Amino acid sequence: MLRRVDGVPQQFEDVRDRAAFRRPAHRDGIELYRAHIVRHAFEPHVHLALGLGAIDEGVQRIRYRGSEHVAPAGSLVMMNADEVHTGRAETREGWRYRMIYVEPEVAAEITGERGWWFDDALARDAARARHVSGILAALWGAHDALAFDGLLLSLFDTLRPHARVARVARPEAEARFERVIDAMRARLDARHTLAELAAIAGLSPFHFQRRFKAAHHATPHEMLMALRLADAKRRLARGERPAAIAAAVGLADQAHLTRAFVRRYGATPARYQQQAGSRPHR
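Residues numbered from 1 in each chain as written. Predicted model: local features only at pLDDT ≥ 70, side-chain atom pairs only at ≥ 80, totals over all residues. Heavy atoms only, no water.

### Some remarks on the packing of helix α1 (residues 104-111) against helix α3 (residues 145-159)
Running from amino to carboxyl end, α1 crosses α3 at an angle of 95 degrees, the nearest separation of the two axes being 10 Å. In this view, α1 runs roughly perpendicular relative to α3, as classed from their interaxial angle. Between α1 and α3, the contacting residues are A107, I110 and T111 on the first element and L152, L153 and F156 on the second. Looking at the contact of α1 with α3, its residues break down into five nonpolar, one polar and no charged. (Axes fitted to C-alpha atoms, helices over the stretch in contact; angles between N-to-C directions. Helix = DSSP H or I, 4+ residues; strand = E, 2+ residues; numbered from the N terminus. Parallel < 35°, antiparallel > 145°, perpendicular 65-115°, else oblique. Contact = heavy atoms within 4.5 Å. Nonpolar A, V, L, I, M, F, W, Y, C, P; charged D, E, K, R; others polar.)

### Let's talk about the packing of aromatic side chains
The tally for this structure, following the rule as stated, stands at eleven aromatic pairs. Judged by centre distance (5.0 Å) and plane angle (85 degrees), the ring pair of W116 and F156 falls under edge-to-face. Of this pair, W116 sits in the loop between α1 and β9 (122-124) while F156 sits in helix α3, and the two are 40 residues apart along the sequence. The class of W116 is buried, set by a relative accessible area of 8%. With a centroid separation of 5.9 Å and 55 degrees between ring planes, the pair formed by F177 and F208 is classed as tilted. (Phe/Tyr/Trp six-rings, centres within 6.5 Å; stacked < 30°, edge-to-face > 60°. Buried < 20%, exposed > 50% of the residue type's maximum accessible area, 1.4 Å probe, protein only.)

### As for the pairing of strand β4 (residues 50-64)
Within a regular beta strand, the side chains point alternately toward one face of the sheet and then the other, so they alternate between its two faces. The buried count for β4 comes to eleven of 15 residues, which makes it a mostly enclosed element. Bridge count for β4 against strand β8 (residues 95-102) is eight bridges, and the pairing is antiparallel. Following the sheet pairing, G53 is matched in β8 by M99. Taken together, the four bridges between β4 and strand β6 (residues 75-79) define a ladder with antiparallel strand orientation. For G51, the partnering residue across the bridge sits in β6 and is M79. Bridging between β4 and strand β5 (residues 67-72) involves six bridges; their strand directions are antiparallel. Bridging across to β5, R63 finds its partner in E68. Linking β4 back to β5 in an antiparallel pair, the connection comprises two residues, with R65 at a positive phi of about 55 degrees. The pairing of β4 with strand β7 (residues 85-89) spans three bridges and is antiparallel. Paired with Y64 across the strands is H85, a residue of β7. (Pairing = 2+ DSSP bridges.)

Purely geometric stuff here, so don't read any function into it on its own.
See below:
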């Protein structure tokens with residue numbers, strides 16, 4: 001059952017900034033999110049899931065795959081897993097939006113199709129955006145597991161015209177960077193160096209850094225921090241203690257985790273765990 005939790009993270013600079021998370025108790029790999037953001041600017045981050053949603057009011061500006069995009073009210077949001085992106089308000093009034101994050105394996109289970117993929121992160125489709133927002137609102141309030149799962153299928157059916165069902169293979173020249181990212185994931189707590197990561201890719205350090213940024217629209221350090229915070233978010237949802245998480249993902253201490261988490265997800269680790277119903281285990 002989803003739990004209702006209201007409140008504004010104290011770290012937001014503007015009292016109008018609000019963000020809330022919920023996770024369904026009966027199904028792993030899914031997270032609901034709604035927010036009204038006026039001043040907060042989200043630093044480069046990733047989600048280990050498809051990010052699907054709609055802009056209800058205002059205008060958002062995002063950086064995604066190395067390009068700037070503006071999303072006014074009535075826009076669909078369709079982000080692929082593991083894509084580094086940012087977000088901030090384009091107007092003084094900010095923007096209000098709803099999202100759901102669904103891990104790729106769960107999306108395949110829901111739809112019977114593997115490899116859901118979107119060519120574009122945004123689409124101006126006001127009618128479909130209103131429908132998606134309505135489904136997300138219903139998911140937020142659903143207390144029946146069967147009803148919740150039915151709404152999930154309706155959501156994917158609604159977005160199916162915008163999706164591919166097989167991820168486009170990366171060019172061979174980019175395959176070496178997948179090994180680098182795998183190495184980062186395997187040792188998030190390590191003090192990686194540019195020379196070490198470049199050696200994995202078989203390139204000189206600065207040539208590697210230029211090529212990596214061209215391929216992923218983020219520096220190796222930005223990618224590492226994004227992966228660290230994504231893993232920290234997963235661990236928080238499992239009820240692990242923030243201090244232990246900070247050490248496990250290579251951050252200096254709990255304060256470092258808190259600052260980095262707020263910048264990327266708009267809530268403190270404690271607030272996120274409260275809203276996700278995953279208080280730390282003793």
